[in-house]
Structures are given as C-alpha cells and as structure tokens.
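# Examination of the molecular architecture
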Amino acid sequence: MPTIHRRFLAESHYLSLYAQLVGYGFRKHATYWGAAAAGAFTNTVFGVLRAYVLIALWRARPGLGGYDVTDAVTFCFLTQAYIGPMQVFGGGLEITQRIRTGDIALDLVRPAPLIFWSLSEDLGRAGYLFLARSLPPTVVGALLFGITFPSDAAVWPAFAVSFALGVVISFGWRYIVALAICWLRDDRGIAVMSLVLTTFFSGLMLPLTIFPGRLGTLARALPWSAMVQVPADVFLGKAGIPGALGFQALWAAVLLALGALLTRAARRKVVVDGG
Amino acid sequence: MRVYLLLIWTWTRAAARYPASFTLMTIGGCVAAGLDVAVIWIIFHNTTTLGGFDLPEVMFLYGSAGLSFSVADLLFGNADRISQHIKAGTFDGMLIRPVGTFVQVAADRFTPHRAGRALQAAVVLAVALARLDVPATRAWMIPVMVVSGIVISTSIWALGGAAQFLLTDAPEVANAFTYGGATLTQYPLSVYGADLVRGVTYVLPLAFVNWQPGLFVLDRDDPLGLPYWLRFLSPAAAAALALVAVYAWRSGVRRYRSTGS
Amino acid sequence: MIDADRIGRSFRVRGRAVHAVRDLSFHVGAGEFVGCLGPNGAGKSTTIKMLTGILAPTSGRVTVAGLDPSRRRTAVAREIGVVFGQRTTLWWDLPLRDSFQLVRLLYKVDRVRFRERLDEMTDRLGLGDFLGTPVRQLSLGQRMRGDITAALLHDPSVLVLDEPTIGLDIVSKSEVRAFLRELNTERGTTVLLTTHDLGDIERLCRRVMLIDHGRLAFDGTVEELRATVPGEASIEDVVAHLYLRSPAPRTPPPRPGEDPPIATA
C-alpha cells in the first residue's frame, strides 16, 4: 500500500481521539469561567474605548477605508470578540509549559502527531471562549453603539468558516512560537515580539484598510490579517467570500506545514539529542 | 524605598544574564510603544484633527500620559501578578519577610525592559513641546502633571492588585482599569462620551493624569464645559487616590491573612 | 520563645465553618528542639502559618519572642526563620547566590555579617559548588539546604520548619539533621519542626507534640511518648496507635488540668 494511504488510514483512525480532545479542551476551559468572564469584561471595556476613537476618526473622515461609522464600530467590537478564541495576545497552549518542564519528550513519542493533538485541544478552547468571551462584547457593542449584521443569509456560513480558519491560523502561529522555545533559553523575548506583530498587523489596533500605501498592502498580505481583518471583512460584506477564504486556507496550510517541520526538528533535538 | 531600589537592581543584574532575551524584550517594549505612535500617525494620516485637537496637541497628551503610565508600570506594574503569587503559594513566602508586601510584589522578577516605553513617551512629549511653543507661565504645570500622573497610575496598579485578593481567579478584570486607563488617556477625552468623561473625572480620576492639567498647558477651553479650577486639582486627586489605594491594598492583605485563601 | 494560648483557626468551606485548629495551647522555651507530629490534615501547617504571621488566628493568642505575629508581622519576621519543605521560598529562575542576595536585602543584613554567615553556612551545608546554579536546576536535597541557608542568613532566634526532610534521600536527610542539631546545640537557636518522619523525631527532638484534629493530643519527651503504649515495640507502632485512637473531631476539648484522653491509654 502506498505510504500516503497508510498515513491516511492511520490518521482517520485517530479522528475519534481528536474529537475527544476537542471536547476535553472545551471542558477544561469551561472550568475557568471566572477568568473567561473577566476577559469578556476587559474586552468589552477596551471595545468601548476603541469605538469612541474610531467614531471620532470616522466623524472627521466619513467613508474612510470603505467603512461607514457603523461598519467601523462593528469592526471594533468584532475584533475585540476575536481576542479570546484566537488568543490574539499569545499563549493558550499547554506545550509551552511542557517544553519548559521537559515533559514534551513524552508527547513527541506518542503515535498521534503533536500538532494535531494540540490543534484539537485548541479548537475546544476556542469553542468555549467564543461563547464566553466573544458574545458579551458583541452584545454590549450592539446595545451601546449599534452594530450592523449581514443582510445576506449566505454570509453567515461563510463567516463561520472564516472564523474557524482564523482560529486555525492563530493556532499555527502560536504553535510555531511555542516550539521556538526548544531552541531559546528564555521565552519572554519572543512572546513580546509575537504580541507586537499580532496586535498591530492583525487589525486589532486599527483596521488594516486605513493603513497607508505599501504598509497597508504588506499588512493585508501577512498571516495576521487572516486572523482578524479578513473574518471581520467577511462579516461586513467588504470582501469577496471565495478570495477571502482561499487566502485564509493558504496561510493555514503554510503555518501548519511549518509547524509540522518544526515538530520534526524538535523531536530530533529533544528525543534523539536528549534536549 | 531603599530596599525596593536595591531589590530591583539585583533583579536587573539577574536579567542581564540572558542578553538575547533581554534585548528582544527591550526592543519589543519599544516597538510595542512605537505602535501606539504608529496608530496616532495613521489616524492623522487620514485626518487633521481628532476630537478637536491637532497632531502636536494629541502627541502632547499622549506623551505626558504615556510617560506617567510607563514609569508607574516599570516600577510597580508587577503588582498585577499578585493573583499568580497567591495561586502559586509564593505570597506566603512574602508574608514571612520583614518588608511590605507591595514592595515585594512590585520588585519581584523586575525587568527594566519597560524603560524603553518610558523613553519613547518622553521623546514624543519632547517633540510635541518643541512644536507647541508653551510659555513658561503655563509650562510649570508639565512636571506637576507628570508626577501626579505617576502617583495616579501607581495607585491604579495597586487598586488593581488589591482587587485580585477578591478576584484571584479573574485577575484580567484589573487590566480593564490599568491598561484601560492607559489607553483612555492616550487620546483627548473629548472623543469619548460625556458620561464616561464625568466618570473618569469624579470617580476614577484618570482625567487628572493629563487631560485637565493638559487643557491648562495647551490653554484650551474644556469641550465639556467642566469647571476651570479642576485643572489645578491633579496633585490633590493623586493624593486622595493614593490613600484609597494604600487602604485597599492593606485590606486585601488583611483579608488574605484572615481567610487563608 | 513561642507561646500559644488556646489558639483556634476555622475556615469557611462552601459556607460551612471547618475548624482546622481548635483550642491549641503550648509553650516552647528558648533553646528547645520540638518536633510536631500529626496525620495529614491535622492542622500542623495551619499552626505554622499562625506562628509565622501568614494567617491570623480566629481565636486565642500566639506570641513569638514576645510579639504577636498577626499584629507585628514584620517585627516577628526578623526574629524567625521559616522553611517550607513542600515549596521553596527561593526564586526559581535565579542562581542561589542571587536568591541569598535578595534575602540579605529583605532582612537588611549588613554586607560583612552576610559574607561571614554565608561562608559559614555554605561550608557546613556543602553548598559551595551550587551557588551559581539556578534554583530550578537544583536537586531536592540541594534546594532544601539552600532554603535552610536562606532562612538563617539573618540569624533568627527561632527556626520553624514545615516538613524539612520530605522527599530527601538518606544522605541529604542525615546532613540536614546533623546541621539542625548543631544549630540548636551550638547557637542555641530554638527549633520547631513538623514532620511525618519518625527518624527526625528520634534523632533530633527532645520533645514531641502530637497534633490531631486540630488539638494537642500529646506533649512530652520521646520516652514518654513511647511509654504511652506499653508493650509496643517500635515508635512507628506507637504513633500509628495514637493516630488511630485519637479523639473524633466532635468530642469536647480536654479542660485544662485534665489529662488528654490519649495519655491515659
């Protein structure tokens, strides 16, 4: 049998395992409901502050970046809603701690690939945080400022897919950052750099559509825009759906492939060379 | 205070032993702070005024608030790790030492990388002042407002920390006030709703970090028409909030020692 | 040195009051070496926390070197050294030397005294080779010796140790014991330790207190402890016997002047 077929059969054998891991990730985070509520509160407060600044800007320049004021406010609260599920500020993965303690060696010799194992747990985490941390800021934003909802029913499923792809891309990036610790003595520096890149280039601080010139073009091509800006544009109906989803799928594939390569290198380093 | 300075010096020397990470963190801190400026730059790339204030005026408000906040964050920002200390049991270890808990928490694992942010804010403030041409009759307020702002920001960190004695599992709530306060004061308060501005004037006195004294320095009318004398109240507001913060922190420690949780 | 006068400590657990310690009275004189035994959850650690100022008692009064730890926490901290066997009070990422430096600053020990004391301690405990090692890379035995050093740098008159020998191998254990014995006999430091290891009690302590269900169930010398159960061969058997026969949580506390129920057995 060709290798690819054997691999596929082996992988599909693990599907029920992955499904269980998704459930496990969901339940594990559900026990920290206090932390999730605090996060939702903080995301909402920042949403309100950002909304005022964006309103002031759009009052001065109506129609800026192809958004009207309501679009800008909607963008603001949607992006605040992504912070939890997409873990925009970094972290959220158990492997960071496992690498630090050396337990990662145990994970790397398991038959199920570490990257899918972690991804499944992370999807469960994102699922719970979507309920706990995404809905509250959106509802408060709608009540305080009024936000726009898609008029075309076809947008909703496209948005769901785009949101899920955003979570996968965010996972791919955080996984790479986490594995980098295998080669670094101290992880705080890279965590700060990741935070800076993600918050600025994802569209969390300002919509990427108003970034000027080449900076804007660059920002819109990078993977971080696929995490925040693109799903928001799909929701607002500002992006062609096939193009947006294709762009996200491409980055998801690239980051996961990079992650798989790094996992192999990490296995060689940790298991074969003994750390 | 002497103990505190000696402690942070020891931690600084310890941090310098990992130069790669230390450099990345310092650069990261500068870049993170630089991004706030980039955001303002992008905003003013698209408009000439924000909330009725032009670029140098906004830079002045941003720089003065940023300087106050980042100095407080550098020196005392670690106070928001208190819930981690409680959960890990290291807070017990602090209670057996003959030094105040706030000093110990603030100094614990101190790293100077946040100094980059303070430096960046100071540069922005200097650039703004060079373009504003403030006469000495109003410029005297600038050091007063920066020092008051440091005291107010530090008090908010301490209050955020004190709240974590109650909300040990939900420390993120404090961020809404600490980092939220920093974000709020970056822009002219005239962009926010009137109720929000009254709240940060009369309840949580964030308006006294840079807004009210800043209006005096810039010689501007209050867009919300609040009383003129509020502009001189920053030191009083800072002192009052500091007292509240000291009381809250002590209550938090007392509560910890009387509930054992 | 340590006086506990009918101290009690209750916690609220899901709305119900749980008494971790009740009506506990004892006196430890200067220069004594006292071991504190008791099953898991008996209230030993809670008692240690009340002596060190981490917890305030809900009733009664405790003084250490004449000071009330719940009111004068920092003054008591200067008089007392504390070691937790289960977790370190050192800083995980720092080399031992830096941890000691931080302790020096916290206790305001002057540089010369600190040098002398550190040299003496590293010499006695054989820490010289590990001073540059981050605490997280130390073995448990090395870490414990580091913790003991840190607790003694300010030369306290009382040393309180919560399970200092837990998890240590035989060699580390006997080194720690030898050190504590010397500390007590040569410097006259008062030592109070809790333990599950009866070897600690037999080799170190002239006096044993047995805490069970938050009460003092026995207080006397090791010989007296052994004599409570005539015919039992080893001290393990004696203590196991006492644990099993100790009073149920709801029986009233013994009145002063009355023999505790177990000692009459």
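Our structure is the block above this text.
So, a few notes on the structure that sits alongside this text. A quick note: this is a predicted structure, and the numbers were derived from the prediction, not measured. (Residues numbered from 1 in each chain as written. Chains lettered and ligands numbered in written order. Predicted model: local features only at pLDDT ≥ 70, side-chain atom pairs only at ≥ 80, totals over all residues. Heavy atoms only, no water.)

## A closer look at the sheet that holds strand β7 (residues 190-194) of chain C
Residue and element names in this part refer to chain C. Taken in spatial order, the six strands make up an open sheet running β5-β6-β7-β3-β8-β9, and their pairing is mixed. The open sheet is flanked by β5 (80-84) and β9 (215-221), the only strands paired with a single partner. Taken over all neighbouring pairs, the strand axes of this sheet differ in orientation by 15° on average, direction set aside. Where β5 meets strand β6 (residues 158-162), five bridges bridge the pair, whose relative direction is parallel. Paired with Ile80 across the strands is Val158, a residue of β6. In this fold helix α5 (residues 140-152) packs onto β5 and β6, with an angle of close to 165° to the strand it touches most, β5. (Pairing = 2+ DSSP bridges. Helix = DSSP H or I, 4+ residues; strand = E, 2+ residues; numbered from the N terminus. Axes fitted to C-alpha atoms, helices over the stretch in contact; angles between N-to-C directions. Contact = heavy atoms within 4.5 Å.)

## Some thoughts on the interface of chain A and chain B
Every contact between the two is made by 32 residues of chain A and, on the other side, 38 residues of chain B. Across the interface of chain A and chain B, roughly 3,000 Å² is buried in total on both sides, 78% from carbon and sulfur atoms. Counting the surface chain A buries against chain B, the share from its top three residues, A:Leu49, A:Tyr52 and A:Arg188, is 18%. A:Arg133 is the salt-bridge partner of B:Glu172, the closest N and O atoms lying 4.0 Å from each other. (Buried area = accessible area lost by both parts, 1.4 Å probe. Salt bridge = Lys/Arg side-chain N within 4 Å of Asp/Glu carboxyl O.)

## Let's talk about the layout of surface pockets
Take a probe with the size of a water molecule and roll it over the atoms, and the empty space left behind shows itself. Put simply, the second largest pocket is a space of about 550 Å³. Along its surface, the second largest pocket is lined by 20 residues, and B:Thr101, B:Phe102, B:Val246, B:Trp249 and B:Arg250 are the ones closest to its centre. Among the secondary structure elements, those contributing two or more residues to the lining of the second largest pocket are α6 (101-107), α9 (141-166) and α13 (234-259) of chain B together with α2 (73-79) of chain C. The dominant element in the lining of the second largest pocket, judged by the number of residues it contributes, is α13(B), at eight residues. (1 Å grid on protein atoms, 1.4 Å probe; cavity = no way out; pocket = protein on both sides within 12 Å on 5 of 7 lines; lining within 4 Å. Points joined across faces, edges and corners; volume = space filled by probe spheres on them.)

## Considerations on the sheet that holds strand β2 (residues 16-28) of chain C
Residue and element names in this part refer to chain C. The strand order across the open sheet formed by three strands is β2-β1-β4, and the pairing between neighbours is antiparallel. Edge strands, defined here as strands with exactly one partner in the open sheet, are β2 and β4 (59-64). Put simply, the sheet's adjacent strands are angled 30° from each other on average, direction ignored. Here five bridges tie strand β1 (residues 2-13) to β4, and the two strands are oriented antiparallel to one another. Counted as the bridge partner of Gly8 is Ser59 from β4.

## Quick word on the nonpolar core
Grouped together as the largest cluster of nonpolar side chains are 126 residues, with contacts concentrated most on B:Ile43, B:Phe60, B:Tyr187 and B:Tyr192. With 14 residues, helix α8 (residues 155-180) of chain A is the single largest residue contributor to this core. Those residues in contact with B:Tyr192, other than ones at most four positions away along the chain, are A:Leu49, A:Tyr52, A:Val53, B:Thr183, B:Leu184, B:Tyr187 and B:Val197. In terms of nonpolar packing, the next biggest core, distinct from the first, is built from 111 residues, B:Trp11, C:Val76, C:Val83 and C:Leu153 among them. (Core = buried A, V, L, I, M, F, W, Y, C linked by side-chain atoms within 4.5 Å. Buried < 20%, exposed > 50% of the residue type's maximum accessible area, 1.4 Å probe, protein only.)

## Topic: the interface of chain C and chain B
Contact with chain C, which involves 30 residues of that partner, is made by 29 residues of chain B. Between chain C and chain B lies a buried interface of about 2,600 Å² when both sides are counted; carbon and sulfur atoms form 56% of it. Interface area lost by chain C to chain B is led by C:Ile54, C:Arg73 and C:Leu106, which between them contribute 25%. If you look at where chain C meets chain B, you find three salt bridges. Here chain C is connected to chain B by 16 residue pairs in polar contact (both at pLDDT 80 or more). (Polar contact = N/O pair within 3.5 Å; in protein donor to acceptor, adjacent residues only side chain to side chain.)

## Some details on the pairing of β7(C)
All names here are of chain C. Of all five residues that make up β7, five are buried, and the element is covered over most of its length. The pairing of strand β3 (residues 33-37) with β7 spans four bridges and is parallel. For Val34, the partnering residue across the bridge sits in β7 and is Leu192. Bridging between β6 and β7 involves five bridges; their strand directions are parallel. Along β7, the bridge assignment pairs Leu161 with Leu193. In the classification by handedness, the crossover that spans β6, the intervening helix α6 (residues 170-187) and the parallel β7 is right-handed. (Right-handed = clockwise from strand over helix to strand, strands pointing away.)

## Looking at the packing of helix α4 (residues 111-125) of chain C against α6(C)
Residue and element names in this part refer to chain C. Two numbers describe how α4 lies on α6: the axes approach to 11 Å, and their chain directions differ by 135°. Considering their axes alone, α4 and α6 lie oblique with respect to each other. α6 is crossed by α4, and the crossing has right-handed handedness. Residues Arg117, Glu120, Met121, Arg124 and Leu125 of α4 form the contact with α6, whose own contacting residues are Phe179, Glu182, Glu186 and Arg187. (Parallel < 35°, antiparallel > 145°, perpendicular 65-115°, else oblique. Left-handed = near helix turned anticlockwise from the far one by under 90°.)

## Remarks on the packing of aromatic side chains
All told, the structure shown has 33 aromatic pairs over all chains when counted by the stated rule. When the centroid spacing of 5.6 Å and the interplanar angle of 80° are considered together, the rings of B:Phe165 and B:Trp249 count as edge-to-face. A residue pair is termed long-range when its members are at least 10 positions apart, and B:Phe165 in helix α9 and B:Trp249 in helix α13 qualify at 84 residues. Note on B:Trp249: relative accessible area 6%, which makes it buried. With centroids separated by 5.0 Å and ring planes inclined at 65°, the aromatic side chains of B:Phe216 and B:Phe232 adopt a geometry described as edge-to-face. Residue B:Phe216 is located in helix α12 (residues 211-218), and its partner B:Phe232 is located in the loop between α12 and α13; the two are separated by 16 residues in the primary sequence. A connected cluster of aromatic rings, assembled from ring pairs, spans A:Tyr82, A:Phe130, A:Phe149, A:Trp156, A:Phe159, A:Phe163 and A:Phe235. Stacked on the ring of B:Phe53, the Lys or Arg B:Arg220 has its end atom at 4.2 Å from the ring centre. (Phe/Tyr/Trp six-rings, centres within 6.5 Å; stacked < 30°, edge-to-face > 60°. Lys NZ or Arg CZ within 6 Å of the ring centre and 35° of its normal.)

## With respect to the pattern of salt bridges
Opposite charge on two side chains allows them to pair when their charged atoms are near. All names here are of chain C. Applying the stated rule across the entire model yields 38 salt bridges over all chains. A salt bridge links Arg124 to Glu186; the shortest N-O distance between them is 3.0 Å. Linking Arg124 in helix α4 with Glu186 in helix α6, this pair joins segments that are 62 residues apart in sequence. By relative accessible area, which is 52% here, Glu186 ends up exposed. The residue Arg187 makes a salt bridge to Asp155 at a minimum N-O spacing of 3.2 Å. Of this pair, Arg187 sits in helix α6 while Asp155 sits in the loop between α5 and β6, placing them 32 residues apart in sequence. A relative accessible area of 39% means that Arg187 is categorised as partly exposed. Among the residues examined, Asp155 registers a relative accessible area of 31% and is labelled partly exposed.

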